[in-house]
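One letter stands for each residue in the lines below.
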Amino acid sequence: MAANDTPRVRNCGTMLVHERLLRTDPSYLSARVASENRAWEAATFRIAGRTGITVIPVVVHVVYRTNTQNIADTQIQSQIEVLNRDFRKTNPDAASTPAAFSALVADARIEFELATTDPQGNPTTGITRTQTNVASFGSDDGVKSAGSGGVDAWPADRYLNIWVCELGGGLLGYAQFPGGPAATDGVVILHSGFGTNGTAAAPFNLGRTATHEIGHWVNLRHIWGDDGSGCSGDDFVTDTPNQAGSNTGMPSFPRVSCNNGPNGDLFMNYMDYTDDAGMFMFTHGQVTRMQATLDGDRISIGYQKPAPVTLKFRDDINTLKFRDDVATLKFRDDVVTLKFRDDNTTLKFIDDNNTLKFRDDIATLKFRDDMVTNPRLDPIKDPQLDKPPIMDRAKMPSGDLAQGTTSDRSLQRVGPAPFILSTPHHSTAWARSYAGAYEDTMAAYEAQIAEYEQFLEQYSEAEAAGQLTASDIAEAEQLYAEYVRLVDEYYQLSNG
C-alpha cells in the first residue's frame, strides 16, 4: 500500500506497541500488573470513584510532509466534537444500538478540550505544527520524537498527546496503554482518519479512529480479546459478549460467533474493527475500566466537573436539578406523608435533636456534622486469599500467587485480581494478593452509604415541608431500599 492511500479496513497497532513494551521494558510489566489489579478491584468490589465528568486537556501535534497533511484547525475541532459526543453518549447514532443491547449503552463521563496553556504556562491553541522529511511513520513511536522526524510529547501527566501524521502499512492509528513511558504516552492517528472534514476519507471519516484509540489510552482492550479468530480471548469486561475475532466493514445484526447467540457479537462497540459508521457505543463495564484508570494511572490529568443532572423526580418542570452553576431544588406544594413501608413504620422527625428515625427501635439515622452513628468494628486483619478464578481459558501456573500463604485462621476471604497481560500466544496468567482489599472495600461502602444519607436528608427536609408527591415517594422508597441493602452488606463484611 502506498503511503498516501487511505486504508479500507481498520488496522490498529496498539497491541504491537503493548507486546514490544512487555518484551523490552520491565517497568511496563509491573505497571500493567498494578493497572489491571485496579481495574479488577473496581469492577469486583464496586469501589466508588469519581462521580462527575473528567475534562481532559488535549494537545494535537500535526506532523506533515505535504501541505495536504498539514490539516486545518477546523478538522481538528471536528474531532474534538466527535470525542465529546462519543464519550458522553450524546452521539445520535447511539440510538441505532439493537434493542437486545440497548441497556448496555453507557456514558463514559469524559470530555475533551484543546489545551489553552502550554507546559511553560504560555497561552496556546492546543495545536502544534511540525514539518518533517519522513514520508510515513509506523508503530515504532518515531513520530513522538524530534530526533526521528516527529515532535516530542508534552508532559503526559497533564495532557493527552495526539499525533496526527501520515502512517504507512495500512495503519489507521495506535495508542499506548496506561503504564508506559511518559515520553511516548498518547495516541497516533492517520490524518485521513482524523475528524470529519478536510482530509478525512471514508470509511473512516466520522472521527471514530480517535475514539477507538483513546479507548485504549484509558485501558480498554479490543472487544474480541486479541486471540485471532478463537474464542479464548478476554477484554476483561463482563458485559461484552465473547466473540471470534474482529468485525470489519458494516456487519448486520445479529452476527453470531463463539456460541453467543441469539444476539451475537457486540460489533457496534467502539473497540471492535468496524467502519466508523458501524461503531457507536461503550458499555457500562468498559466505563468502569475507564473510570478506574482515571482514578489510578491517569489521576493527575484533567479536572472534574459535576454531572449536570444527578436526581430526577419527574419529567415536567418540578424536577430536582443539579446544574454546574446553581443547584435548584423544586417540589410541588401538595402535602404527602413519606412512608417507606406499608405498615405503621412511618418516617418521623424529631425537632430537638435533628434525628431521622426510620423505625421505633434503636436503628436511627442521624444527619449531624459532629458525629457518626454507624458503629465501627475492628477491621479484619490479615485476610486470607483464595486462589482466584481464571477469567479466561489460560492456565494459572502454580507458584505465581504473590504473597499467597495458608493459615489456620478462619477469616473473611477476599479474592485477588486475575488477568492476562497479553495475547494467548505469549500470555502469562498473573494474580496478586491484594492485602488492602478489605480496607478499600469498607471505605468504598462507607463513602456510598454517606452519599445515600445525603440524598435521604434531602427527602426528609422536603417531607417535613409537605412538599413530596407520590412520584417522589416512590423514588425515596427505592433509595431507602438500596440504602438498607448497602448497610446490611457493610455489617456483614464487618462481622466477617
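Here goes a summary of the coordinates provided.

The rules behind these values
- Residues numbered from 1 in each chain as written.
- Predicted model: local features only at pLDDT ≥ 70, side-chain atom pairs only at ≥ 80, totals over all residues.
- Heavy atoms only, no water.
- Helix = DSSP H or I, 4+ residues; strand = E, 2+ residues; numbered from the N terminus.
- Buried < 20%, exposed > 50% of the residue type's maximum accessible area, 1.4 Å probe, protein only.
- Contact = heavy atoms within 4.5 Å.
- Areas by Shrake-Rupley, 256 points an atom, 1.4 Å probe, with all protein chains shown as cover.
- Disulfide = S-S within 2.5 Å.
- Polar contact = N/O pair within 3.5 Å; in protein donor to acceptor, adjacent residues only side chain to side chain.
- Axes fitted to C-alpha atoms, helices over the stretch in contact; angles between N-to-C directions.
- Parallel < 35°, antiparallel > 145°, perpendicular 65-115°, else oblique.
- Left-handed = near helix turned anticlockwise from the far one by under 90°.
- Nonpolar A, V, L, I, M, F, W, Y, C, P; charged D, E, K, R; others polar.
- Core = buried A, V, L, I, M, F, W, Y, C linked by side-chain atoms within 4.5 Å.
- Salt bridge = Lys/Arg side-chain N within 4 Å of Asp/Glu carboxyl O.

1. Some thoughts on the overall build of the protein
Then, number 1: A tally of regular secondary structure across the protein gives seven helices and 17 strands.
Then, number 2: Each of the 496 residues in the protein was classed as buried or not, and the buried ones make up 50%.
Then, number 3: In the protein, the proportion of contacts linking residues at least 24 apart, taken out of those at least 6 apart, comes to 71%.
Then, number 4: Of the roughly 22500 Å² of accessible surface on the protein, a fraction of 49% belongs to carbon and sulfur atoms.

2. Things to note about the state of the cysteines
Then, number 1: In the structure shown here, the tally under the stated rule is one disulfide.
Then, number 2: The disulfide partner of Cys-231 is Cys-258, and the gap between their sulfur atoms is 2.0 Å. Disulfide Cys-231 to Cys-258: torsion about the S-S bond roughly -90°, handedness left-handed. Taken together, the residues span a long stretch of sequence, with Cys-231 in the loop between helix H4 (208-217) and strand E7 (248-249) and Cys-258 in the loop between E7 and strand E8 (273-274) at a distance of 27 residues.
Then, number 3: With relative accessibility at 18%, the residue Cys-258 sits in the buried group.

3. Concerning helix H1 (residues 14-24)
Then, number 1: Along H1, the positions that sit buried rather than exposed are Thr-14, Met-15, Val-17, His-18, Glu-19, Leu-21 and Leu-22.
Then, number 2: Those residues of H1 hidden inside the fold are in contact with helix H2 (26-45), strand E5 (173-175) and H4.

4. Brief notes about the side chain of Glu-36
Then, number 1: Mapping Glu-36 onto the fold places it in helix H2.
Then, number 2: For Glu-36, a relative accessible area of 1% puts it in the buried group.
Then, number 3: A distance of 2.9 Å separates a polar atom in the side chain of Glu-36 from a polar atom in the side chain of Arg-289.

5. Concerning unusual backbone geometry
Excluding glycine, residues mostly carry a negative phi; peptide bonds, for their part, are mostly trans.
Then, number 1: In this model, Ala-202 is joined to Pro-203 through a cis peptide bond whose omega is 5°.
Then, number 2: Of note, Pro-203 is situated in the loop between strand E6 (187-190) and H4.
Then, number 3: Backbone geometry places Lys-89, a non-glycine residue, at a positive phi of 60°.
Then, number 4: With respect to the helices and strands, Lys-89 occurs in the loop between helix H3 (73-86) and strand E2 (110-114).
Then, number 5: By relative accessible area, Lys-89 is classed as partly exposed at 39%.

6. Looking at H4
Then, number 1: H4 sits mainly inside the fold: ten of its ten residues count as buried.
Then, number 2: Buried within H4 we find Arg-208, Thr-209, Ala-210, Thr-211, His-212, Glu-213, Ile-214, Gly-215, His-216 and Trp-217.
Then, number 3: In the segment just after H4, Asn-219 is the residue with positive phi, at about 80°.

7. A closer look at the packing of H3 against H4
Then, number 1: Viewed as axis vectors pointing N to C, H3 and H4 meet at an angle of 60°, and their least axial separation amounts to 9 Å. Relative to H4, H3 is oriented oblique. H3 and H4 meet at a crossing whose hand is right-handed. Between H3 and H4, the residues in contact are Gln-79, Val-82, Leu-83 and Asp-86 and Arg-208, Ala-210, Thr-211 and Ile-214, respectively.
Then, number 2: For the contact of H3 with H4, a count of residues per class yields four nonpolar, two polar and two charged.

8. Brief notes about the nonpolar core
Then, number 1: Counting residues in hydrophobic clusters, the biggest one holds 48 residues, and the most contacted among them are Val-60, Phe-87, Phe-112, Ile-162, Ile-214 and Met-290.
Then, number 2: Looking at which element gives the most residues to this core, the answer is strand E1 (residues 53-64), with five residues.
Then, number 3: Discounting residues that sit within four places of it in the chain, Phe-112 has contacts with Ile-56, Val-58, Ile-80, Leu-83, Asn-84, Phe-87, Leu-160 and Ile-214.
Then, number 4: Membership of the second largest hydrophobic core comes to 19 residues, among which are Leu-21, Cys-165, Leu-167 and Tyr-174.

9. Thoughts on the pattern of salt bridges
Then, number 1: Counted by the stated rule, this structure contains 14 salt bridges.
Then, number 2: With a closest N to O distance of 3.2 Å, Asp-141 and Arg-20 form a salt bridge. Taken together, the residues Asp-141 in the loop between strand E3 (127-131) and strand E4 (160-165) and Arg-20 in helix H1 connect sequence positions 121 residues apart.
Then, number 3: Among the residues examined, Asp-141 registers a relative accessible area of 8% and is labelled buried.
Then, number 4: We note a salt bridge from Asp-185 to Arg-298, for which the minimum N-O separation is 2.9 Å. One end of the pair, Asp-185, is in the loop between E5 and E6; the other, Arg-298, is in the loop between helix H5 (284-294) and strand E9 (303-305), with 113 residues separating them in the sequence.

10. Let's talk about the packing of H2 against H5
Then, number 1: Orientation of H2 relative to H5, taken along the N-to-C sense of each, is 125°, at an axis distance of 9 Å. Classified by the interaxial angle, the pair formed by H2 and H5 is oblique. Read as a crossing pair, H2 and H5 show a hand that is right-handed. Across the interface between the two elements, Glu-36, Arg-38, Ala-39, Ala-42 and Ala-43 from H2 touch Thr-288, Arg-289 and Ala-292 from H5.

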